[in-house]
Amino acid sequence: MARRRRSKPLEEEKPIYTEKIPLSLMPRKLLRGKKWNMFENLGRFVSLFLIFMAVLSLLYGLKIEYILIFLIGAVLLFYVTEFVSPDAQRTIRPIRIYKSGLLVYTTSFERLIGKKSYLTPDDLKGIKVRRMNIQTDAGAQILPTHLTFVLSSGMRIKMGRRNCTELQTIISMLNDLGIKEI
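Residues numbered from 1 in each chain as written. Predicted model: local features only at pLDDT ≥ 70, side-chain atom pairs only at ≥ 80, totals over all residues. Heavy atoms only, no water.

A. Inspection of the confidence of the model for the protein chain at higher detail. The predicted model of the protein chain averages 84 in pLDDT, with 88% of residues at 70 or higher. Confidence, read as mean pLDDT per element, is least for helix 1 (residues 9-12) in the protein chain (56) and greatest for strand 2 (residues 96-97) (92). Counting interchain partners and residues more than four positions distant, the pLDDT-below-50 stretch residues 1-7 has zero contacts. (pLDDT = per-residue confidence, 0-100. Helix = DSSP H or I, 4+ residues; strand = E, 2+ residues; numbered from the N terminus. Contact = heavy atoms within 4.5 Å.)

B. Examining the layout of surface pockets more closely. By volume, the largest pocket amounts to about 170 Å³. Forming the walls of the largest pocket are R44, S47, L48, I51, L71, A74, V75, F78, T81, E82, S108 and F109. Residue assignment for the lining of the largest pocket shows that the elements contributing at least two residues are helix 2 (34-59), helix 3 (64-92) and helix 4 (108-112). Ranked by residue count, the leading element in the lining of the largest pocket is helix 3, at six residues. Of the residues contributing to the lining of the largest pocket, the split by class is seven nonpolar, three polar and two charged. (1 Å grid on protein atoms, 1.4 Å probe; cavity = no way out; pocket = protein on both sides within 12 Å on 5 of 7 lines; lining within 4 Å. Points joined across faces, edges and corners; volume = space filled by probe spheres on them. Nonpolar A, V, L, I, M, F, W, Y, C, P; charged D, E, K, R; others polar.)

C. Here's a closer look at the sheet that holds strand 7 (residues 156-161). Strand order in the open sheet made by the three strands is 5-6-7, with antiparallel pairing throughout. Every interior strand has two partners, whereas the edge strands, strand 5 (124-136) and strand 7, have only one. Each adjacent strand pair in this sheet contributes to an overall mean axis angle of 25°, direction not counted. For strand 5 and strand 6 (residues 139-151), the ladder comprises twelve bridges, and the chain directions are antiparallel. Following the sheet pairing, K128 is matched in strand 6 by T148. Lying over the sheet, helix 5 (residues 164-177) contacts strand 5 and strand 6, oriented at roughly 50° with respect to strand 6. (Pairing = 2+ DSSP bridges. Axes fitted to C-alpha atoms, helices over the stretch in contact; angles between N-to-C directions.)

D. Up close: helix 2. In a regular helix each residue adds 1.5 Å, so 26 residues correspond to 38 Å; helix 2 covers 38 Å between its end C-alpha atoms and thus fits that length. Turning to helix 2, its buried residues number three or more, namely W36, E40, G43, S47, L50, A54 and S57. Buried residues along helix 2 sit in contact with helix 3. Directly after helix 2, the chain includes G61, whose backbone phi takes a positive value near 70°. (Expected span 1.5 Å × (residues − 1). Buried < 20%, exposed > 50% of the residue type's maximum accessible area, 1.4 Å probe, protein only.)

Below you can see the structure in the form of structure tokens.
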């Protein structure tokens, strides 16, 4: 049987700008990229297994303490894999800017709750930039360090700490696209 090919216009279009992430901002040295993805998937599987064990404990009438332990473990694993880890992943994933929008890292759970990977100027209300007083060769300067995208729906996508010079370039390119700072 012949395989059906899907057209992927975003992959065919080349980005105008791709951010370069310095190694100094990488949070992990050992588990990075696909290895960390497999570790996250293992956490999701264990979380589902703990929920299954809580249901079995409830059906077989075990003590309530066991059920609570299973459920607390499942909630903690879910929180780590779906909220803490994506923030660290976004720090090491580059922002890609296209003519019609930008591409950022989002997990499948975030896409399920309404956060998109590809953001157009219509999807965004604006950006929030956190600036810090940083000592450079030219002296102390107030430079951007953190970036957050504010969606039209009110949700936020925190991009984490970024390189100051890269972030200045990204902010100016987003201004050219019509995405302003809030």
